[in-house]
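Fold and contact review
Below are the chains, spelled out letter by letter.
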Amino acid sequence: LIKAIDHVRTSICTSVEDFHFNKTRVRPMNNINHIPKDSQTILYWMSRDQRIQDNWAMLYAQRLALKQQLPLHVAFCLVPTFLAAPLRAYRFMLKGLREVEQECQQLNIIFHLLTGQAEKVLPKFVEKYQVGTIITDFSPLRVPRQWVENVAKKITTIPIVQVDAHNVVPCWYASSKLEYGARTIRNKLHKNMEEFFTEYPPVIKHPHTSPAHHQVKPTDWQAADDSLQVDRTVDEVAWAVPGYTGGIEQLESFINERVCNFALGRNDPNKGAISNLSPWIHYGQISPQRALLIIAKLRPKFKEACDSFIEEAFVRRELGDNYCYYQENYDNINGAWDWAKKTLNDHRNDKRTHVYSRDDLEYARTYDKLWNASQIQMIKEGKMHGFVRMYWAKKILEWTNSPEEAIEIAIYLNDKYNLDGRDPNGYVGVMWSICGIHDQGWRERPVFGKIRYMNYDGCKRKFDVAKYENKYSSL
Ligand code: FO1
């Protein structure tokens, strides 16, 4: 599949220079429009989209460097802690970045792993290499948005621009407001598909070599690992091979082995019918748009599966970015609509049938074997099946003293164990389950109020619960 994708890229265009770049993907982060005359390099500050190919931010950076006839650098600013990400998450990310470094070497692009906050390390970098423009990618989350803002405050002499390299339709272009749900954003996204759902040209071997080329040493990955201040008890998982190649291989196995069952089996955690791509997508190691372009081609053969995949990986995923971008309280109860806040408040003092502590939940010590199994799967594999994720979060609401506590515990566990934790989709999943965002009101009942309820018997009607419980029966 990797070769086939390379072939598609080079067949649409041989150079990014003759490619029409859709400028709607780019927005200025300061009001400087001119690249200083004595500039020596262009910099892509990579953050969310940790790949070279199929990356609009990288393509835009190279295009600018080619126009200016300047060398091209890529820098990643490694922070020692990020939203409580454990070793499992960081190792997955760092291994993917190793592949990025190798690819840069082959393409005459210089890769730098800078350790520390961007606002501290980038100003020095810009001065040292006489950077003419910084291009960065886009995340709707608070912390990375603050990074960009802080950098823009410190670096005031060169243009800083941002490219949404994660969404098919740039988040700020798809909608200018907080959407209610899939039904209100779907048309907005689909109507823009023709404009944005295009093939990627290749990032090419860069023709301009930096004088600094030979001074830059290869990254010391061990030192990078040692610099982390993370929970090292949550270790790597075996099933997911990090990096672009690993991600494309996962996509290939989805196409060859699982897509045929996706339409009917995607809600059955025993079926193994899902794409499993979310870890690679979270770290930007593969492009969601690439996955969509490939899956869309299978539509004549697997219409229903492809349409469901497009709904999940395009509409629902981009709705997640919309929520986090326009709702600053995306991870707490204030991010709920008024009807949901009211109903949760009305039922705040309802008697709970069981109350568990965070520890009880974390170590899967509940009476519910299905819930325990889902928690065990997450601890062991760093993932949880999408259908069970909803049940899992809703039970946390049922078994804790307040919706606030439920949200906090659900996010804590999701971010600690899941490879794709700390992602807009994770926050939206928790907020959908506990606060009814992107959902509607349902028949009122204890604790949940009008928030949609899920129960064990309902799961039994959907899949072989005992089989799943047996698979994940102990830690
Ligand atoms: N991005 C960075 O620019 N630097 C980091 O050190 C960094 C660490 C990190 C750890 C775990 C994780 O899940 C993501 C991490 N990211 C990092 C990427 C990033 O900011 C996120 O993927 C997005 O914000 C999600 O939208």
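Refer to the structure presented above.
Read on for a plain summary of the structure. Keep in mind that what you see is a predicted model, and the values were worked out from it rather than measured.

Considering the pattern of salt bridges
Within the structure shown, the criterion is met by 31 salt bridges. Note that R290 is salt-bridged to E199, the shortest N-O span being 3.2 Å. In this pair, R290 is assigned in helix α12 (residues 288-297) and E199 in the loop between α8 (193-196) and α9 (221-226), connecting sequence segments 91 residues apart. When salt bridges that share partners are traced, they join D6, R9, D54, E199, R290 and K297 into one network.

Comments concerning the packing of aromatic side chains
As enumerated under the stated definition, the model contains 26 aromatic pairs in all. Ring geometry for Y180 versus W337: centroids 4.5 Å apart, planes at 20°, classification stacked. Taken together, the positions of Y180 in the loop between α6 (171-174) and α7 (182-191) and W337 in the loop between α13 (303-326) and α14 (338-346) put the pair 157 residues apart, joining distant regions of the chain. The exposure class assigned to Y180 is partly exposed, which follows from its relative accessible area of 46%. Overall, W337 belongs to the partly exposed group, its relative accessible area being 26%. Ring centres of W371 and W392 lie 6.3 Å apart, and the angle between their planes is 10°; this geometry places the pair in the stacked category. You can see W371 sitting in helix α16 (residues 369-381) and its partner W392 sitting in helix α17 (residues 386-399), a full 21 residues away along the chain. Across the pair, exposure class does not vary: W371 and W392 are buried alike. Cluster of aromatic residues (ring-pair linked, three or more members): Y356, Y367, W371, W392 and W399. Between R266 and the ring centre of F262, over which it is positioned, the NZ or CZ distance is 5.8 Å. Lying across the ring of W432, K394 places its NZ or CZ 4.9 Å from the centre.

A word on α14
Among the residues of α14, those classed as buried are A340, T343 and L344. In an axial view of α14, the angular spread of the buried residues amounts to 100°, which keeps them on one side of the axis. Seen from the open side of α14, the exposed residues pointing more than 90 degrees away from its buried face are D338 and K342.

Quick notes on the site of the ligand
In the vicinity of the ligand there are 19 residues, among which S47, C77, V79, H282 and R422 approach most closely. In this structure, V79 approaches the ligand through a main-chain N or O atom, which is 2.9 Å from an oxygen atom. Here an oxygen atom of the ligand sits 2.8 Å away from a polar atom, N or O, in the side chain of R422. If the ligand stood free it would expose 520 Å²; the protein chains cover 100% of that surface. When contributions to the shell around the ligand are tallied by element, the ones reaching two or more residues are β3 (72-78), α3 (87-106) and α5 (142-154). No other element matches the three residues that β3 contributes to the shell around the ligand. Of the residues contributing to the shell around the ligand, the split by class is 13 nonpolar, four polar and two charged.

Concerning the pairing of strand β2 (residues 41-46)
Consecutive side chains of a regular strand alternate in pointing toward one face of the sheet and then the other. Counting buried positions along β2 gives six out of six residues, so the element sits mostly inside the fold. Because side chains alternate across β2, one face comprises the buried residues T41, L43 and W45, and the other comprises I42, Y44 and M46, equally buried. In this sheet, strand β5 (residues 131-136) lies alongside β2 in parallel orientation, the contact comprising five bridges. Each residue of the ladder has a partner; that of I42, found in β5, is T133. As defined by bridge partners, β2 adjoins β3 across five bridges and the pair is classed as parallel. Bridge pairing links W45 to A75 in β3.

Concerning the sheet that holds β5
Read across the open sheet, the six strands follow the order β1-β6-β5-β2-β3-β4; overall the sheet is mixed. Of all the strands in the sheet, just β1 (26-28) and β4 (110-115) have a single pairing partner and so form its edges. In this sheet, neighbouring strand axes are inclined to one another by 25° on average, regardless of whether the strands run parallel or antiparallel. Summarising the sheet, β3 and β4 pair through six bridges and their orientation is parallel. In the sheet register, H73 faces β4, and the bridge partner there is I110. Sheet strands touched by helix α4 (residues 118-129): β2, β3, β4 and β5. Its angle to β4, the strand with the most contacts, is close to 140°.

Remarks on the environment of L189
Looking at where L189 falls in the secondary structure, it is placed in helix α7. According to the relative accessible area criterion, L189 is buried, its value standing at 0%. Along the backbone, L189 and V169 are 20 residues apart, and their C-alpha atoms lie at a distance of 6.6 Å. If we ignore the near neighbours within four places in the chain, the residues touching L189 are V169, A174, F314, V315 and E318.

Some words on α5
If you check α5, its first and last C-alpha atoms are 18 Å apart, about what 13 residues at 1.5 Å a residue would give, namely 18 Å. Taken together, the buried positions of α5 are occupied by P144, W147, V148, N150, V151 and A152. For α5, the secondary structure elements touched by its buried residues are β2, α4, β5 and β6 (160-163).

Details of the side chain of D49
Structurally, D49 is set in the loop between β2 and α2 (56-68). Its relative accessible area of 0% is what places D49 among the buried residues. When neighbours within four sequence positions are excluded, D49 is seen to be in contact with Y44, N55, D137, F138, A165, H166, Y283 and G284.

Looking at unusual backbone geometry
Its identity as a non-glycine residue notwithstanding, D54 has a phi of 60°, on the positive side. With phi around 60°, A84 is a residue other than glycine that occupies positive phi space. In this fold, A84 is placed in the loop between β3 and α3. Assessed through its relative accessible area of 61%, A84 is described here as exposed.

What counts, and where the lines are drawn
Residues numbered from 1 in each chain as written. Predicted model: local features only at pLDDT ≥ 70, side-chain atom pairs only at ≥ 80, totals over all residues. Heavy atoms only, no water. Salt bridge = Lys/Arg side-chain N within 4 Å of Asp/Glu carboxyl O. Helix = DSSP H or I, 4+ residues; strand = E, 2+ residues; numbered from the N terminus. Phe/Tyr/Trp six-rings, centres within 6.5 Å; stacked < 30°, edge-to-face > 60°. Buried < 20%, exposed > 50% of the residue type's maximum accessible area, 1.4 Å probe, protein only. Lys NZ or Arg CZ within 6 Å of the ring centre and 35° of its normal. Arc of directions from axis to C-beta. Near = heavy atom within 4 Å. Polar contact = N/O pair within 3.5 Å; in protein donor to acceptor, adjacent residues only side chain to side chain. Areas by Shrake-Rupley, 256 points an atom, 1.4 Å probe, with all protein chains shown as cover. Nonpolar A, V, L, I, M, F, W, Y, C, P; charged D, E, K, R; others polar. Pairing = 2+ DSSP bridges. Axes fitted to C-alpha atoms, helices over the stretch in contact; angles between N-to-C directions. Contact = heavy atoms within 4.5 Å. Expected span 1.5 Å × (residues − 1).

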